[in-house]
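# Examination of the molecular architecture
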Amino acid sequence: EMTSSLVGSEMCIRDRHKMALLNTVVKNGKSSERAYTCLKMAWLCRGKRELLMQGDYKKEEVTELINEEKELLSNAYDGFEAAFSKEDFPMCGMDQYTMMYLLAELARRIGKNDEAKRYVSKVLVARNAQRRIKDKAFALKEKLQGKAE
């Protein structure tokens, strides 16, 4: 009976994602699959933190969510980086240039600015990258340069 209530509608979204992550680990799923689940969980942490900060909140709760988000983003970065050289594209619905941009953004968010710059450069010089991704990469390059000053 308890299991059915866990799987039911009362089960929160974060718990569903945690179970999905556990499932990919247990079934020895692709690195990209685990990374994408970590990324979605990080987004949930950020959303919860932003919602919490609109009202009365405890500083410890916000700090905990910031730390959890950063750990999940770091796991997502590591997983996508491992998948980049081992798995075929499209990966999680993204082509290789979109994945490079995502890796650059994740690297920036976890403080790996040199890696972020490296991936941004790869996107910017890629002949086959879509204009939309190049534009995003250029904006990210400017953001990274702003941090260096």
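Before reading further, recall that the structure is shown in the block above.
Here goes a summary of the coordinates provided. (Residues numbered from 1 in each chain as written. Predicted model: local features only at pLDDT ≥ 70, side-chain atom pairs only at ≥ 80, totals over all residues. Heavy atoms only, no water.)

This part is about the overall build of the protein. Along the protein, the regular secondary structure elements total seven helices and zero strands. Its helices and strands in sequence order give the protein the pattern α-α-α-α-α-α-α, from N to C terminus. When each of the 149 residues of the protein is scored for burial, the buried share is 37%. Intrachain contacts of the protein at a sequence separation of at least 6 include 54% that bridge at least 24 residues. (Helix = DSSP H or I, 4+ residues; strand = E, 2+ residues; numbered from the N terminus. Buried < 20%, exposed > 50% of the residue type's maximum accessible area, 1.4 Å probe, protein only. Contact = heavy atoms within 4.5 Å.)

Glancing now at the packing of aromatic side chains. Here the structure, examined in full by the defined rule, presents two aromatic pairs. Aromatic pair Phe84 and Phe89: ring centres 5.4 Å apart, planes at 70 degrees, arrangement edge-to-face. Assessed through its relative accessible area of 21%, Phe84 is described here as partly exposed. One aromatic cluster in this structure is built from Phe84, Phe89 and Tyr119. (Phe/Tyr/Trp six-rings, centres within 6.5 Å; stacked < 30°, edge-to-face > 60°.)

Turning next to the side chain of Thr37. Within the secondary structure layout, Thr37 lies in helix α3 (residues 31-52). In this structure Thr37 comes out as buried when scored by relative accessible area, which is 7%. In terms of polar contacts, Thr37 uses its side chain to reach the backbone carbonyl oxygen of Glu33, at 3.0 Å. (Polar contact = N/O pair within 3.5 Å; in protein donor to acceptor, adjacent residues only side chain to side chain.)

So yeah, pure geometry; function would need other evidence.
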